[in-house]
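Breakdown of the fold
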Amino acid sequence: MTSSPLPHRIGYGEDAHRLAEGRSLVLGGVAIPHAGRGAVAHSDGDAVLHAVADALLSGLALGDIGQYYPDTAPENAGLDSRVILMRCLELVRKRGYAPVNLALVVTLDRPKLGPLRADIARSLAELLGLRETEVGVSFKTSEGLAPDHVQVRVTVLLARMGA
Ligand SMILES: [Zn+2]
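Below, the structure is looked at part by part. Note that the structure is a prediction, hence the values are computed from the model and not measured.

1. A closer look at the sheet that holds strand β5 (residues 97–107)
Strand order in the open sheet formed by 5 strands is β4-β1-β7-β5-β6, with mixed pairing between adjacent strands. Each edge of the sheet is formed by a strand with only one pairing partner; in this case those strands are β4 (37–39) and β6 (135–140). Taking the axes of each pair of neighbouring strands and ignoring which way they run, one obtains an average angle of 25° across the sheet. In the sheet, strand β1 (residues 8–21) pairs with β4 via 3 bridges, with the strands oriented antiparallel. Residue A20 lies in a different strand from β4, and its bridge partner there is G38. Seen against the sheet, helix α4 (residues 117–128) touches β5 and β6 and runs at an angle of roughly 140° to β6.

Listed below in structure tokens is the structure:
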């Protein structure tokens, strides 16, 4: 069955990393000051960028970042997650779509991220070619259920370009 491409498609992504001392915490391309702990990961462990990249891929049924960037590959060690995100964005654009807005929930018990909301929104907007008002950033705590983890959930709306 053939059908014309949908004008809009929704993508959803999630990511989580364990936190440990002696590592730096980066979320959405923003270094979090005084975090004291950072993500245990093969790459730089930016859970926001990983979840956004997965959301972009899922919107067009392109799989997930684990297929493109396996955490067993030595060349991906310490990889800047912005590289991962830009590659996924390129895959979306090649298929004629672009992100038009993004909704993000970060669950982290500490530090409190509220003061960094605008920084994270601005960073994501710049990376994705959006305005800050098109990037919603919410913060939650796990209420002590997962004090040693950062978890991120993202929805993204993709629109067909020139449609
Ligand atoms: Zn990740």
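2. Considerations on the side chain of S43
Relative to the elements of secondary structure, S43 occurs in the loop between β4 and α1 (47–59). Here G45 takes part through its backbone nitrogen, which lies 3.2 Å from a polar atom of the side chain of S43. A distance of 3.3 Å separates polar atoms of two side chains, one belonging to S43 and the other to H50. Beyond its immediate chain neighbours, meaning those up to four positions away, S43 contacts H50, N76, G78, L79 and S81.

3. Some points on the coordination of the zinc ion
Within the protein, D15 (OD), H17 (NE2) and H50 (ND1) serve as the donor atoms for the zinc ion, at 2.0 Å. Expressed as a motif, the donor residue spacing for the zinc ion is D-x1-H-x32-H. With H17 in strand β1 and H50 in helix α1, this pair connects stretches of sequence that are 33 residues apart. On the accessibility criterion, H17 (12% relative accessible area) is buried. On the accessibility criterion, H50 (6% relative accessible area) is buried.

4. Quick notes on the pairing of β5
Working note: regular strand, side chains alternate between the two faces of the sheet. The pairing of β5 with strand β7 (residues 149–160) spans 10 bridges and is classified as antiparallel. Residue pairing across strands places N101 opposite L157, the latter belonging to β7. Sheet analysis places β5 next to β6, joined by 6 bridges and oriented parallel. Residue pairing across strands places L102 opposite V135, the latter belonging to β6. Since β5 and β6 lie parallel, the crossover through α4 that links them has a hand, and here it is right-handed.

Reading the values: the criteria
- Residues numbered from 1 in each chain as written.
- Predicted model: local features only at pLDDT ≥ 70, side-chain atom pairs only at ≥ 80, totals over all residues.
- Heavy atoms only, no water.
- Pairing = 2+ DSSP bridges.
- Helix = DSSP H or I, 4+ residues; strand = E, 2+ residues; numbered from the N terminus.
- Axes fitted to C-alpha atoms, helices over the stretch in contact; angles between N-to-C directions.
- Contact = heavy atoms within 4.5 Å.
- Polar contact = N/O pair within 3.5 Å; in protein donor to acceptor, adjacent residues only side chain to side chain.
- Donors = N, O, S within 2.8 Å, 3.2 Å for Na, K, Ca; no water.
- Buried < 20%, exposed > 50% of the residue type's maximum accessible area, 1.4 Å probe, protein only.
- Right-handed = clockwise from strand over helix to strand, strands pointing away.

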